[in-house]
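What follows is the residue order along each chain.
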Amino acid sequence: MLLRTCIAAVLSFLFAMTVAQAQTAAHNPLVGAWRITEIAETGKPPLTTPQPGLYIFTPKHYSFIRINGAKPLPDYPSNDKATDAEKVTVFNSIYMQSGSYTVKDNVLAVKVLVAKSAFAMAAPGNQFDVAINGDTLTLTQKPNGPALKMVRVE
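For the structure given in this document, a descriptive report is provided here. Please read all numbers here as calculations on a predicted model, not as lab measurements.

1. What to know about the nonpolar core
In terms of nonpolar packing, the biggest core is built from 22 residues, with Tyr55, Phe57, Phe64, Leu108 and Leu139 touching the most fellow members. Breaking this core down by element, the ones donating at least two residues are strand E1 (32–40), strand E2 (53–57), strand E3 (61–67), strand E4 (94–104), strand E5 (107–115), strand E6 (127–133), strand E7 (136–141) and strand E8 (147–152). If you tally residues by element for this core, the top one is E5, at four residues. Excluding its chain neighbours within four sequence positions, the residues that come into contact with Phe57 are Leu30, Val31, Gly32, Trp34, Tyr62, Phe64, Tyr101, Leu108, Leu137 and Leu139.

Given below as structure tokens:
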């Protein structure tokens, strides 16, 4: 009898946690995967054919990665055969970071856990204005960073 009660309690707890996580995701329109479709920087025309970029949000964490600019990464057969110049081009072209986030009053605040550069991890994090219209997300880095337009892919 005690075993049945324990099993029922554990199953009830797991069910409640699953429902709570589903409700959190359902009420957070950021949750999902977003592909970058446009990058607009102040003083420059918008880049409407950007290189690949994917931003992923779970209920509490994020992962951002994109190739900056309009040029693809250099094509070389392997890292051990790449020139130093090719490696520098790749390093300078890739933006990536992951961590946790909060949203309040349409402002996304990220806390970086891991990034390409140590200075990004040491910083207090970034803030973005958030606008979601259906399956379109726009993140504008505060105070005057680029505006990234994205479409939901998942």
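Picking up where we left off.
2. Quick look at the pattern of salt bridges
Considering all chains together, one arrives at four salt bridges under this definition. Between Asp129 and Lys142 there is a salt bridge, and its shortest N-O distance comes to 3.5 Å. Here the residue Asp129 occupies a position in strand E6, and Lys142 occupies one in the loop between E7 and E8, the gap between them amounting to 13 residues. Across the pair Arg152 and Asp135 runs a salt bridge, and its minimum N-O distance is 3.4 Å. One end of the pair, Arg152, is in strand E8; the other, Asp135, is in the loop between E6 and E7, with 17 residues separating them in the sequence. Here Arg152 falls in the partly exposed class, since its relative accessible area comes to 25%. In this structure Asp135 comes out as partly exposed when scored by relative accessible area, which is 47%.

3. Looking at the sheet that holds E1
One key point about sheets: their strands pair by backbone hydrogen bonds, in either a parallel or an antiparallel sense. Spatial strand order, E1-E2-E3-E4-E5-E6-E7-E8: eight strands in a closed barrel with antiparallel pairing. Averaged over all neighbouring strand pairs, the angle between strand axes comes to 35°, with direction disregarded. Here E4 pairs with E5 via eight bridges, running antiparallel. Following the sheet pairing, Ser98 is matched in E5 by Val114. Helix H2 (residues 84–93) rests against E3 and E4 of the sheet, and its axis sits at about 15° to E4.

4. Brief notes about the packing of aromatic side chains
Evaluation of the coordinates by the stated rule reveals five aromatic pairs. Centre to centre, the rings of Tyr55 and Phe64 are 4.0 Å apart; their planes meet at 15°, and the pair counts as stacked. Owing to a relative accessible area of 1%, Phe64 belongs among the buried residues under this scheme. Put simply, the rings of Tyr55, Phe57, Tyr62, Phe64, Tyr101 and Phe128 pair up and form one aromatic cluster. Directly above the aromatic system of Tyr95 lies the positively charged group of Arg66, at a separation of 4.1 Å from the ring centroid. Over the face of the ring belonging to Phe91 we find Lys116, whose NZ or CZ atom lies 4.3 Å from the ring centre.

5. Description of a nonpolar patch on the surface
A surface patch of nonpolar side chains, amounting to about 380 Å² of accessible area, comprises Leu54, Ile56, Ile65, Met96 and Val153. Here Ile65 is to be found in strand E3. According to the relative accessible area criterion, Ile65 is partly exposed, its value standing at 40%.

The rules behind these values
- Residues numbered from 1 in each chain as written.
- Predicted model: local features only at pLDDT ≥ 70, side-chain atom pairs only at ≥ 80, totals over all residues.
- Heavy atoms only, no water.
- Core = buried A, V, L, I, M, F, W, Y, C linked by side-chain atoms within 4.5 Å.
- Buried < 20%, exposed > 50% of the residue type's maximum accessible area, 1.4 Å probe, protein only.
- Helix = DSSP H or I, 4+ residues; strand = E, 2+ residues; numbered from the N terminus.
- Contact = heavy atoms within 4.5 Å.
- Salt bridge = Lys/Arg side-chain N within 4 Å of Asp/Glu carboxyl O.
- Pairing = 2+ DSSP bridges.
- Axes fitted to C-alpha atoms, helices over the stretch in contact; angles between N-to-C directions.
- Phe/Tyr/Trp six-rings, centres within 6.5 Å; stacked < 30°, edge-to-face > 60°.
- Lys NZ or Arg CZ within 6 Å of the ring centre and 35° of its normal.
- Patch = residues over 30% accessible without salt bridge, like charges linked within 9 Å, V, L, I, M, F, W, Y side chains within 5 Å.
- Areas by Shrake-Rupley, 256 points an atom, 1.4 Å probe, with all protein chains shown as cover.

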